[in-house]
Amino acid sequence: MSSAFKKTFETASTKNAKNLLMNFSHILQKVPFVRFLIPLTAGIILNVFGLDFESCLLFFTLAALLIAFSFLTGKQCLAFRFRWTFGLGITFFFVALGMFLSSNKQNSLKIPFAGDNQERLFLAEIIENPQQRSNSIQCLVTLSPLNENKTEIKDDPNPVKAILYIRKDSASTKLQYGNTLLISHNFGFRTKTLNPEEFDYEEYLHKKGISTSIYIPSGKWQLLFSQKKFSLFNKARQVQLKLMSVYQDFGISGEEFAVLSALTLGNKEYIDRDLQSSYSATGAAHILAVSGMHVGVVCVVFKFLLGFFFKGNRFLFLEIIILISALWSYAFITGLSPSVVRATVMFSFVGVGMLLQRKSLIYNTISASAFWMLLYNPFYLFDVSFQLSYVAVLFIVFFQPYIYRLLHFKNWLPDRTWNLFAVSVAAQLGTFPFAVYYFHQFPNYFWLSGFVVIPAAAIIIYLSISLFALSWFPFPGKMLAFLLNWVLKIMNFSIRFIEELPFAQFREICFEPYDLFFIYASLLLLAFYLAFRRYRYATLFISCLLVYFSVDTINYHLKTNQEIFVVYNIPNVSAVNKIENGKNQLYYQGDFQEIQKRAGNFWIKNRVPKPEQLTGSYFTIGNKKAFVLTDDFYKKHQTNSPLSVDFLVLSNNASYTISELCGLFRFETLIVDSSNSYYQAEKWKEQCREMNIACYVVREKGAYLFNAFF
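Cut-offs used in this document
Residues numbered from 1 in each chain as written. Predicted model: local features only at pLDDT ≥ 70, side-chain atom pairs only at ≥ 80, totals over all residues. Heavy atoms only, no water. Axes fitted to C-alpha atoms, helices over the stretch in contact; angles between N-to-C directions. Helix = DSSP H or I, 4+ residues; strand = E, 2+ residues; numbered from the N terminus. Parallel < 35°, antiparallel > 145°, perpendicular 65-115°, else oblique. Contact = heavy atoms within 4.5 Å. Nonpolar A, V, L, I, M, F, W, Y, C, P; charged D, E, K, R; others polar. Buried < 20%, exposed > 50% of the residue type's maximum accessible area, 1.4 Å probe, protein only. Bend = angle between axes of the 7 residues up to and from the residue. Pairing = 2+ DSSP bridges. Disulfide = S-S within 2.5 Å.

**Let's talk about the packing of helix α15 (residues 412–439) against helix α18 (residues 513–532)**
Part 1: As a packed pair, α15 and α18 sit with axes 10 Å apart at the nearest point and diverge in direction by 175 degrees. Between α15 and α18, the interaxial angle falls into the category roughly antiparallel. For the pair formed by α15 and α18, the contact residues are Leu429, Gly430, Thr431, Phe432, Pro433, Phe434 and Tyr437 on the first element and Pro513, Leu516, Ile519, Tyr520 and Leu523 on the second.
Part 2: Split into classes, the residues belonging to the contact of α15 with α18 amount to ten nonpolar, two polar and no charged.

Here's what the structure looks like:
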């Protein structure tokens, strides 16, 4: 390459990079809340993935120094030269703020005296109406520790939240909101006992602001007293139940009642697993969660009604106050779920923009709602519904107009149909990477279900509001309920019909974090190209896709040539997994469905099919050897040459001592799986400690995983 050409190429590359930064900076100037949201999000992520409180103080210090320096540069020339210091200082401030909020949230989830392995007394106040399960009563409570005199310890002003599963009996079924219980529980050492890629229920609860879940037997609790405290959430729940009774009074029942309660009031208690699965398989599950579309319809209805009472801009302030109050009332009735709160916050910002006579920039409105929600609870960032909701809204706002302009129809019906299709495609374009990453499936007929559920949901919400308004009048109420019931029947039938179509879903798809990065980077570059029509963005878009396909090809090759040995942690089940050169084999004794439930995601991630069953107890993984000992068959045998293995797995309470095992086997690691009793596992562990032998107890430490590739 000649020096002149090289210089020209470097100059062009530098110019393109500068233009990219200028375009991005130009965008950020129009959406100031994005400039706050990005560093706040970065701070939350940094804290969750390792940076401690000292790092937070460092960022706060840097922010203070940079902001102070920007004010000290009094001369105009210096102020212009160092104008970037103020912006960088603000960025560091929001990074530090995100780290601080995240750290504070994590500290608030710590359980008092957890890990001391002692039985302790706690006050548990029920803060939501209990829900009945098949064998237990589920109660959301606040926990406060008691001292030896059975008085409350006041060191922590914010008692932690927990879910109690109380054994179902005649006493527990009478529990209600406001009851205060005295419970006895030993939190012990709560270690990670999950299997690789298994759903982490404790982490899921943490994202909801709940510290833990515990099971309370009948003899470990007693009712102390009941307080009739005022609770806005409880009042909202009572209103929700009252409105649900209106549906039942007019004869709506079964699956129609279940879908109607979820779609309009946010109550999913009555939706069974099969119906939920049908909506998920067709890409219509979002319709069952009250979200932006539902709040938008309610907003349109109230705006229409207010138009009869307020003309012109004279009473605009009062109109907006009433409208926002109505939206938040609806949010409370539906249980203040994160999705409806997000939508209500967004529409509230739009209302304020109308009040101030300013054109509301939708991207800034979306960013502002996300910013304030993360200030309230930084763990919303890791909530799946939070991620899907914001990505869907952003992609609909940006990509839907471009998709809609691809075709033009003169007639109203084809035009509206195409517009609906454009909305579905834009939303699915944004959400499919996250959906595949979390749920490992993709609904191929999402566009078809969108034609059904979106207009049907709007009709259902309109009819529901009308039914509530006219429920005092029997004849109009019955007519509306009749129409409502049939719309619900048609929608449910359509969803089940679409689910039965050939190739309705792609299942068991694996996306890694790098997949998300490359796909969203590619879509961002595509958005830049559509917005600015610069060919360099098209070039970068194609280049990003090529790099992604190359990385994915390499990763697939590595996955299909790896050698993995796993002993799963499944209570009362022995499950030993061998994955080698793309072949999946499993030695197990117990419930295969339970094994598949816990290990299925791991098989999908490693791109292997469902396992074949291994019958023998001895097998090899690369140059490693393993033996599973399940009974006393070898107890009476003696050998002069012990079998040499790398992994010896003890299962089903086989009655060997470690000394006897050493006479039969020469092993590097002894693995005690979860089919053994706690007593037997402790006995073997103590013997191994005395003989200085490596012992891995799966029940305590979680699944044993050996990957020869790493």
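Here the narrative resumes, following the displayed structure.
**Topic: unusual backbone geometry**
Part 1: Even without being a glycine, phenylalanine 503 presents a positive backbone phi close to 55 degrees.
Part 2: Within the secondary structure layout, phenylalanine 503 lies in the loop between α17 (474–499) and β9 (505–507).
Part 3: Despite not being glycine, asparagine 653 has its phi angle at roughly 55 degrees, a positive value.
Part 4: Mapped onto the elements of the fold, asparagine 653 is located in the loop between β16 (643–650) and α21 (658–664).
Part 5: Here asparagine 653 falls in the partly exposed class, since its relative accessible area comes to 33%.

**Examining α15**
Part 1: Of all bends in α15, the biggest is about 50 degrees, found at threonine 431, and the proline proline 433 comes one to four residues later.
Part 2: One or two positions beyond α15, positive phi appears at histidine 440, with a value near 60 degrees.

**So, the pairing of strand β14 (residues 618–621)**
Part 1: Only one face of β14 is buried, namely the one carrying Phe619 and Ile621, since none of Tyr618 and Thr620 on the opposite face is buried.
Part 2: As consecutive antiparallel partners, β14 and strand β15 (residues 624–629) are separated by two residues, and within that stretch glycine 622 has a phi angle of approximately 65 degrees, a positive value.

**Description of the sheet that holds strand β13 (residues 612–613)**
Part 1: Pairing in this open sheet of five strands is mixed, and the strands run β13-β12-β11-β10-β19 from one edge to the other. One side of each edge strand has no neighbouring strand; the edge strands of this open sheet are β13 and β19 (704–707).
Part 2: When strand β11 (residues 574–580) meets strand β12 (residues 583–589), the two strands line up antiparallel, connected through seven bridges. Bridge pairing in β12 links asparagine 577 to leucine 586.
Part 3: Along the sheet, helix α20 (residues 592–605) makes contact with β10 (563–567), β11, β12 and β19, crossing β12 at roughly 150 degrees.

**Examining the state of the cysteines**
Part 1: This structure, assessed with the given rule, holds zero disulfides.
Part 2: You can see cysteine 695 has no disulfide; the closest cysteine sulfur is in cysteine 688, sitting 4.0 Å from it.
Part 3: Judged by relative accessible area, which is 17%, cysteine 695 ranks as buried.

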